[in-house]
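# Descriptive structure summary
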Amino acid sequence: MPEPGAPGEGRGTERRAPPLSPADRAGLEAALAEARAAAAAGEVPVGAAVARNGVIVARAHNAAVARGDPTAHAELLALQQALAALGTARLSDGTLYVTLEPCAQCAGAIVLAKVGRLVFGAYDDKAGMCGSVGDLVRHPRLNHRVRVLGGAAERECGELLEAFFAAHRPTA
């Protein structure tokens, strides 16, 4: 198995934005709208949306500050909403759109919910577990592997995060 980040696995050596279908663009736009709502609420601006058969069935943004819960990540909340709305325990025919590469917690939830496809925006070189630091969602020893499209609308997603942290972190 290639190392995460090796060509053909995760993001490779070049960071070229992948072409997006109209459905993927709409899913990412929904996630970006959620990320902007998170920023407006003082949360780290990460947004997520779940689509099934081309229809957005759930949307969420980070809510760790509002809930006083460091696990209240956009992906986890959107997955929980989608599973409840659809009355199922699996999303094998669903796509999760998220503005930032999922962390270990969220990658684990994605595998457990058996999400069929993941489309994310910005890579996370410090905590990303879908190709950057590790690759939990495509680990060969797990019973489910997710199809992943990373770096979708990366510039737009990354700029939102950079602007938030520039405004919320002291310079010194």
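Residues numbered from 1 in each chain as written. Predicted model: local features only at pLDDT ≥ 70, side-chain atom pairs only at ≥ 80, totals over all residues. Heavy atoms only, no water.

Attention shifts here to the pattern of salt bridges. Under the defined criterion, the tally for this structure stands at 8 salt bridges. The partner of Arg 138 in a salt bridge is Asp 135, and the shortest N-O contact between them spans 2.8 Å. A residue is classified by how much of its surface remains accessible, and Asp 135, at 6% relative accessible area, is buried. Among the charged side chains, a network of salt bridges with common partners joins Arg 25, Glu 29, Arg 36 and Glu 156. (Salt bridge = Lys/Arg side-chain N within 4 Å of Asp/Glu carboxyl O. Buried < 20%, exposed > 50% of the residue type's maximum accessible area, 1.4 Å probe, protein only.)

Its 15 residues give helix H5 (residues 154–168) an end-to-end C-alpha distance of 21 Å, which sits within 8% of 21 Å, the value for a rise of 1.5 Å per residue. Taken together, the buried positions of H5 are occupied by Glu 154, Cys 157, Gly 158, Leu 160, Leu 161 and Phe 164. Projection of H5 onto a plane perpendicular to its axis shows the buried side chains occupying an angular sector of 155 degrees, all on one side. Along H5, the residues that are exposed and aim more than 90 degrees away from the buried face are Arg 155, Glu 162, Ala 166 and Ala 167. Contacts made by the buried residues of H5 are with helix H1 (22–40), strand S3 (94–100) and strand S4 (117–122). (Helix = DSSP H or I, 4+ residues; strand = E, 2+ residues; numbered from the N terminus. Expected span 1.5 Å × (residues − 1). Arc of directions from axis to C-beta. Contact = heavy atoms within 4.5 Å.)

Turning our attention to the sheet that holds strand S2 (residues 55–61). Sheet architecture is open: 5 strands sit in the order S2-S1-S3-S4-S5, paired in mixed fashion. The two strands at the open ends of the sheet, each matched to only one other strand, are S2 and strand S5 (147–149). Sheet twist, expressed as the average angle between the axes of neighbouring strands with direction ignored, equals 15 degrees. Here 6 bridges tie strand S1 (residues 47–52) to S2, and the two strands are oriented antiparallel to one another. When the sheet's bridge partners are listed, Gly 47 is paired in S2 with His 61. Relative to the sheet, H1 contacts S1, S2, S3, S4 and S5, its axis offset from that of S3 by approximately 45 degrees. (Pairing = 2+ DSSP bridges. Axes fitted to C-alpha atoms, helices over the stretch in contact; angles between N-to-C directions.)

Okay, the packing of aromatic side chains next. Applying the stated criterion across every chain, the model contains 2 aromatic pairs. Arranged with centres 5.1 Å apart and planes meeting at 85 degrees, the rings of Phe 120 and Tyr 123 form a pair that is edge-to-face. Each member of the pair, Phe 120 as well as Tyr 123, is classed as buried. On the numbers, 5.3 Å between centres and 80 degrees between planes, the contact of Phe 164 with Phe 165 is edge-to-face. On the accessibility criterion, Phe 164 (8% relative accessible area) is buried. (Phe/Tyr/Trp six-rings, centres within 6.5 Å; stacked < 30°, edge-to-face > 60°.)

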